[in-house]
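Descriptive analysis of the structure
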Protein chains: 2
Amino acid sequence: MDIKAYVLGKATEAREGARSLARASSQQKNAALLSMAEALRKRAKELIRENAKDIRFAREKGLSRAMIDRLTLTDKRIGEMAQGLVEVAALPDPVGEVLRMWQRPNGMTVGRMRVPIGVIGIIYESRPNVTADATSLCLKAGNAVILRGGSEAVHSNKAIVKILREVAQRQGIHKGAITFIDLVDRTAVMEMLRLEGIIDLIIPRGGEGLIRTVTEHSRIPVLKHYKGICHVFVDRDADLKMAEDICFNAKVQRPGTCNSMETMLVDKTIARRFLPDMIKRFRSAGVLIKGCPETKKIVPAVDAAKEQDFYNEYLDLVLNVKVVRDIDAAMDHIARYSSAHSDTIVTNDYAKGMRFLREVDSSAVLINASTRLNDGFQFGLGAEIGISTDKIHARGPMGLEELTCTKFIVLGSGQLRE
Amino acid sequence: MDIKAYVLGKATEAREGARSLARASSQQKNAALLSMAEALRKRAKELIRENAKDIRFAREKGLSRAMIDRLTLTDKRIGEMAQGLVEVAALPDPVGEVLRMWQRPNGMTVGRMRVPIGVIGIIYESRPNVTADATSLCLKAGNAVILRGGSEAVHSNKAIVKILREVAQRQGIHKGAITFIDLVDRTAVMEMLRLEGIIDLIIPRGGEGLIRTVTEHSRIPVLKHYKGICHVFVDRDADLKMAEDICFNAKVQRPGTCNSMETMLVDKTIARRFLPDMIKRFRSAGVLIKGCPETKKIVPAVDAAKEQDFYNEYLDLVLNVKVVRDIDAAMDHIARYSSAHSDTIVTNDYAKGMRFLREVDSSAVLINASTRLNDGFQFGLGAEIGISTDKIHARGPMGLEELTCTKFIVLGSGQLRE
């Protein structure tokens, strides 16, 4: 089989789908999304049957329990997937919005109009729900999607795509709007990444390895949801009760997520007052503490943190604790070790709060709030396709707006260039 | 010499410069820009002396007259370069602007703050003025710049950078803020393009070959100023006098620029009335016309256009003319052949104007105005670093705002994730 020709064929179909979808009305897109949700719920048995093939194969291959869990579709999970589509349908359509218009001295009116990006390639790993989630967001923003899921979930993904496509076409959406690469061969991904001019944007969803491979080989712009090495700095002027609650929430509420805290920085002035109770509370929740030498002086029973630990995204109940001289030392630490994802200061000092807000360069910088709040829903943007740690195009939670671009529009009356 | 280590050293210096520059006040940046302008004017002799070396070498190498002209610095050109810096100093500083803030049900306030991107690599060809232009825009937006100019202009570029750096440092700007790679070896460019995580963005300025090479090899996001295959569609409901003026301006006012018209599309209903006079006017201005068969029927003396011609960016007094059935045929032609740069419709029909505005997917879509107006100054954005034909991050004229990104800021009072 000619993989190159196969992928090019799929991408060309997506290109045609994109041109058609760009003109679809909000009503048409929303009707399609709601019908898709209904169809997923109705045909849950069919999905679970196909999913069983992936699970059997995963067991034969000896995949971990966690991996198999991520792969598994249940009635409940299918219901959540469908509910996701309903929620995306309810979001305002970003396409066609005119951001601002202004008049030039020569009388022409200039503005920016939000338009779809075009064809978005999604390269993802085991979770089959990404198929529906990513498709719904891309479609609502008027983009065609070209999906390439992990080989472990190929039967589940194919079954989901089949349903989504059938429904979409019945609602008058071009079949190229939802395109699926069902080759498990890795060459297919490499071929996708070469199609600049046909695919407009690549969004990888998965582990660090996948993201590195994609970034290294892509000639197409890539929007990355990368790792989160997030910090909370407890300043000497913090309300220590608030600081304790924020730090506990940032670490423990859901440790496996990218916006949970990996390192707690504590001003030395209040370290003796703050650390013993805080660490006790962490330990009672099963958190393993790795402390700097100062921390060990105050709470000797903690493990010793190594330099390398501060670069680690644990995604687990493990926490680095470091005592720092002052806010400058805290910001220096963050500049060095942070993945520029989510960083919080807890303080009641106005000037230090403002300095932290201005000088820390992360996708979200927070005063007196948990890092766990860096999230599309929490910020009020609606569903998100990831949290970008890039600085180009999108930074922080990527919602529908981040799946669009703008074009300039000019309303003239015969203006010429002098 | 270890090129890899050299480039990495330069980029690391730029990284430090970026962190320092991000905190510089507008006053400090403006003072530096004004002093730079003064120094360029004062030290024009020194620049012209160094420039003479490049010109001598270019003559020995037998470069074309046009190339040597682009390379040449005169008092007048140095004055214009300095004036450019003065104008950038006068523009509003985009850094620190808070775009919007809103309150969430849990009481936290969320907003977006404009911040510098970080380190921007500029890879450019022969014109030495790019050194000062690009540096001033990057600096004003709080970014460190790492410059890699063409080998033909190396003495001129070094002399300009020397002056800019000296002045900047005297004004308290970190020396890493303006970094210059003075290796003519091409490997240096390849090494730059690998430094993802240190350099945040690459902007190539030059011909198609340079842009292709950069895009193909870069692991860093690239913002491209690519070719302009621009169209004017003269609808059957156009004011034909206005259409004639717009088409003439779009082609003739400065044919060597990316936003000049390469193909004129004419509705068949008015082709017999419009084309004879229009073509006569073009020819009297020295424009070579390549017409479709319909055009040749109306004005037999024109050359015959080949399919390939419609993909051509002439940058010269050459124009394709095609008679089309209606607006749909015009938009199909544009979807196929346009480089999505600047496309105009001339019409007095409201519905067709609105359809064109919505459905044509180019960096600027205009009604009743010359394509030549797609420009940062003309749109009122101030100086530009190019016109992006990309869809990611920036589209159309790229001014200071396009050299920034945003971060989310959160003002909390103890909010946690539930």
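Residues numbered from 1 in each chain as written. Chains lettered and ligands numbered in written order. Predicted model: local features only at pLDDT ≥ 70, side-chain atom pairs only at ≥ 80, totals over all residues.

For chain A, the count of helices and strands is 15 helices and 16 strands. Rg of the C-alpha trace for chain A: 24 Å, near the compact-globule value of 22 Å for 418 residues, within the 12% margin. Of the contacts formed within chain A by residues at least 6 apart in sequence, a portion of 72% connects residues at least 24 apart. (Helix = DSSP H or I, 4+ residues; strand = E, 2+ residues; numbered from the N terminus. Rg over C-alpha atoms; globule rule 2.2 N^0.38 Å. Contact = placed C-beta atoms within 7 Å.)

Take chain B, turn it by 180°, move it 0.0 Å along the axis, and it overlays chain A with an RMSD of 0.1 Å. Such values leave the two copies arranged in the relation of a two-fold axis. Of every C-alpha in chain B, the one belonging to His393(B) sits nearest the axis of rotation, 1.8 Å from it. A symmetric contact is evident, with 100% of the interface residues of chain B recurring at the interface of chain A. (Least-squares fit on C-alpha atoms with pLDDT ≥ 70 in both.)

Splitting chain A by domain gives domain 1 (3-223 + 398-409) and domain 2 (230-378). Using C-alpha coordinates to define each centre, domain 1 of chain A is positioned 36 Å away from domain 2 of chain A. (Domains from an automatic or database assignment.)

Taken together, the contact pairs 59 residues of chain B with 59 residues of chain A. Contributions of two or more residues to the side of chain B that touches chain A are made by β2 (109-116), α9 (208-217), α10 (240-252), α14 (350-359), β13 (364-369), α15 (376-379) and β16 (404-415) of chain B. Grouping the amino acids of the side of chain B that touches chain A by side-chain chemistry returns 26 nonpolar, 18 polar and 15 charged. Pairing of strand β16 (residues 404-415) of chain A with β13(B) involves five bridges; the strand directions are parallel. The partner of Phe408(A) across the bridge, within β13(B), is Ala364(B). (Nonpolar A, V, L, I, M, F, W, Y, C, P; charged D, E, K, R; others polar. Pairing = 2+ DSSP bridges.)

What follows deals with the confidence of the model for chain A. Per-residue pLDDT for chain A averages 95, and the proportion of residues at 70 or more is 100%. Interface scoring of the predicted complex returns ipTM 0.94; its pTM is 0.93. (pLDDT = per-residue confidence, 0-100.)

What follows concerns the nonpolar core. Counting residues in each nonpolar core, the largest one holds 150 residues, and the members touching the most others are Met36(A), Val145(A), Met36(B) and Val145(B). When residues no more than four places from it in sequence are discounted, the contact partners of Val145(B) are Ile120(B), Ile122(B), Ala134(B), Thr135(B), Cys138(B), Leu139(B), Ile178(B) and Thr179(B). (Core = buried A, V, L, I, M, F, W, Y, C linked by C-beta atoms within 7 Å. Buried ≥ 20, exposed ≤ 12 C-beta atoms within 10 Å, placed from the backbone.)

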